[in-house]
Each structure stands twice: as C-alpha cells, then as structure tokens.
Amino acid sequence: MAMKILTWFKRKLTGRHDAMTREQAERIKRLPKEQARRELGVFLFELGVRHATEFVKDELRRSDSPFKGVPAEAVFHEMLALTFWIMDKDVAGGEKALAAELHDHYIRSYKTSEGSPEKRTRALGEKYKRYEREWDDVTGHQDEFGLCVAQNIFGPEASERTRERTFWIIRYAHDIADDCSPLKKMFRSKFKPESSATGGR
C-alpha cells in the first residue's frame, strides 16, 4: 500500500489531471448551451478514461493489488461508471445534464456483452441509483459507497481484502471530485435547469 500512496501523492503534486485551462473553460461557457454540453462531454469523457485507465494500470503493476482476481476490464468499466457519476454529480449538480453525452461517447467507444445501447444505458442508470443510495453527503463517510462499488466488481462475498478495496475506491472518488471542483464552479450555472433558473419570475 505504501507504493500506491506514493504514486498517488506524486500524481497530485505534478498535477497530471489538471482538469481544464481557464481559456478552455471560458470558450466553452460562451457557446450555446447544447454545443457547450457536447464539448464539455467530450472533454470529461476523455478525462474520465484517463483516470480509470491509470487506476487499473497502477493496480496491475502491484504484485499485491487487492483488485486482482477479476478481469482488468471489469475494474476499468466499474471505475469509469463511477467517474461519470461523480462528474455529473459535481459539475452538473446531479441533474443528469451531462450523462447523455458521457454515455454516448462510452457506448460508441467500448463494446461489451451487455446488449443494446438502450440496455447498457439502463444498466449505467441502475449503477448510479445504487451509488446515490450509498453516498453520504451528511457525514462525509463513504464506507458504504466504497463497499457498493467493490461488490459491483467482486460480488457480495466477504473478503479479507474488502476494506482495502473500499479505501482505494473512496480515495479514487475523492480524486475525481477534486479534479472536477474547478469545473463545478465554472459550469453549474451553465447547466442549471431552466425551471430553477427562472423560478420566482
């Protein structure tokens, strides 16, 4: 675990996931809403893929990784779904304002055995519902959330490595939220639902 922590710390120091330059953000903010949604969707999809890919690569390099024992693709796709959910939650306020764009790029980029695009989109929606049930904004403790994601990957059977898996899943989720924090400030107003933006008039 010490090497994993060192890798994470170096990544934070070197800023490998600087989310977006201010110039990029200002350009997107000036676009019409639908065009802005499309361009931001592309950017966030690519950022999410980088995050999930690095997580899997980091784990594969570790001989004692708690994420071994299942196909790397299973870990990647679950962590990418988690990434999409955090991005929509933090950047768009959990209004699913960005989900359609992220899902479109995902389904066109990755083929899985889960069936039609509609079925795959429904499967992602079911994951998000489970994430939402377990995410605790009140206490900030996300043990149940981390356990939910770990069980999506490994199944519900208890394991002596469950606590370690949960720790790194929660750490990953916080990393995504940290990287999205500047975008949250920039784009919340852009994607605010019209009813909220015009309420009280």
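Residues numbered from 1 in each chain as written. Predicted model: local features only at pLDDT ≥ 70, side-chain atom pairs only at ≥ 80, totals over all residues. Heavy atoms only, no water.

Draft legend 1. Looking closely at the overall build of the chain. Secondary structure summary: the chain contains nine helices and zero strands in total. Helices and strands in the chain line up, N terminus first, as α-α-α-α-α-α-α-α-α. The proportion of buried residues among the 201 residues of the chain is 45%. The long-range share in the chain, meaning contacts at least 24 apart out of those at least 6 apart in sequence, stands at 70%. Only carbon and sulfur atoms are counted for the fraction: they give 52% of the accessible area of the chain, which is about 11,200 Å². (Helix = DSSP H or I, 4+ residues; strand = E, 2+ residues; numbered from the N terminus. Buried < 20%, exposed > 50% of the residue type's maximum accessible area, 1.4 Å probe, protein only. Contact = heavy atoms within 4.5 Å. Areas by Shrake-Rupley, 256 points an atom, 1.4 Å probe, with all protein chains shown as cover.)

Draft legend 2. The arrangement of the packing of aromatic side chains in detail. According to the stated counting rule, one finds 14 aromatic pairs in the structure shown. Relative to Trp135, the ring of Trp85 has its centre 5.6 Å away and its plane inclined at 70°; by these criteria the two rings are edge-to-face. With Trp85 in helix α4 (residues 72-91) and Trp135 in the loop between α6 (117-134) and α7 (143-154), this pair connects stretches of sequence that are 50 residues apart. The class of Trp135 is buried, set by a relative accessible area of 14%. Following the ring pairs from residue to residue traces out a cluster consisting of Phe45, Phe76, Phe84, Tyr106 and Tyr110. The residue whose ring lies beneath Arg165 is Phe154, and the NZ or CZ to ring-centre distance is 3.6 Å. (Phe/Tyr/Trp six-rings, centres within 6.5 Å; stacked < 30°, edge-to-face > 60°. Lys NZ or Arg CZ within 6 Å of the ring centre and 35° of its normal.)

Draft legend 3. Representation of the packing of α4 against helix α5 (residues 99-109) in the model. One way to put it is that α4 packs onto α5 with a least axis distance of 10 Å and a crossing angle of 155°. In this view, α4 runs roughly antiparallel relative to α5, as classed from their interaxial angle. Along this stretch, α4 crosses α5, giving a crossing that reads as right-handed. Contacts between α4 and α5 pair His77, Leu80, Phe84 and Asp88 from the former with Ala99, Leu102, His103 and Tyr106 from the latter. In terms of residue class, the contact of α4 with α5 is built from five nonpolar, two polar and one charged. (Axes fitted to C-alpha atoms, helices over the stretch in contact; angles between N-to-C directions. Parallel < 35°, antiparallel > 145°, perpendicular 65-115°, else oblique. Left-handed = near helix turned anticlockwise from the far one by under 90°. Nonpolar A, V, L, I, M, F, W, Y, C, P; charged D, E, K, R; others polar.)

Draft legend 4. Broad picture of the layout of surface pockets. Estimates place the volume of the largest pocket at around 240 Å³. Contributing to the lining of the largest pocket are 15 residues, with His77, Tyr106, Thr112, Glu114 and Lys127 lying nearest its centre. Counting residues per element, the ones that place at least two in the lining of the largest pocket are α4 and α6. Looking at side-chain class alone, the lining of the largest pocket contains five nonpolar, four polar and six charged residues. (1 Å grid on protein atoms, 1.4 Å probe; cavity = no way out; pocket = protein on both sides within 12 Å on 5 of 7 lines; lining within 4 Å. Points joined across faces, edges and corners; volume = space filled by probe spheres on them.)

Draft legend 5. Up close: the nonpolar core. Ranked by size, the top nonpolar core spans 53 residues in total, and within it Leu44, Met79, Leu82, Tyr131 and Phe187 carry the most contacts. Within the residue set of this core, elements represented by two or more residues are α2 (22-30), α3 (33-61), α4, α5, α6, α7 and α8 (162-187). Among the elements that take part in this core, α4 stands out by supplying 11 residues, more than any other. (Core = buried A, V, L, I, M, F, W, Y, C linked by side-chain atoms within 4.5 Å.)

Draft legend 6. Focus on α4. Counted at 1.5 Å a residue, the expected span for α4 with its 20 residues is 28 Å, and the 28 Å between its end C-alpha atoms agrees. In terms of burial, α4 is a largely internal element, 17 of the 20 residues being buried. Once α4 finishes, Gly93 follows within two positions and takes phi at roughly 75°, a positive value. (Expected span 1.5 Å × (residues − 1).)

Draft legend 7. Here's a closer look at the packing of α3 against α4. Between α3 and α4, the shortest axis-to-axis distance is 9 Å and the interhelical angle comes to 140°. Classified by the interaxial angle, the pair formed by α3 and α4 is oblique. Taken as a pair, α3 and α4 cross one another with a handedness that is right-handed. Of the residues in α4, those touching α3 at Leu40, Leu44, Phe45, Leu47, Gly48, Val49, Ala52, Thr53, Phe55, Val56 and Leu60 are Ala72, Val75, Phe76, Met79, Leu80, Thr83, Phe84, Met87 and Val91. Residues that form the contact of α3 with α4 fall into these classes: 17 nonpolar, three polar and no charged.

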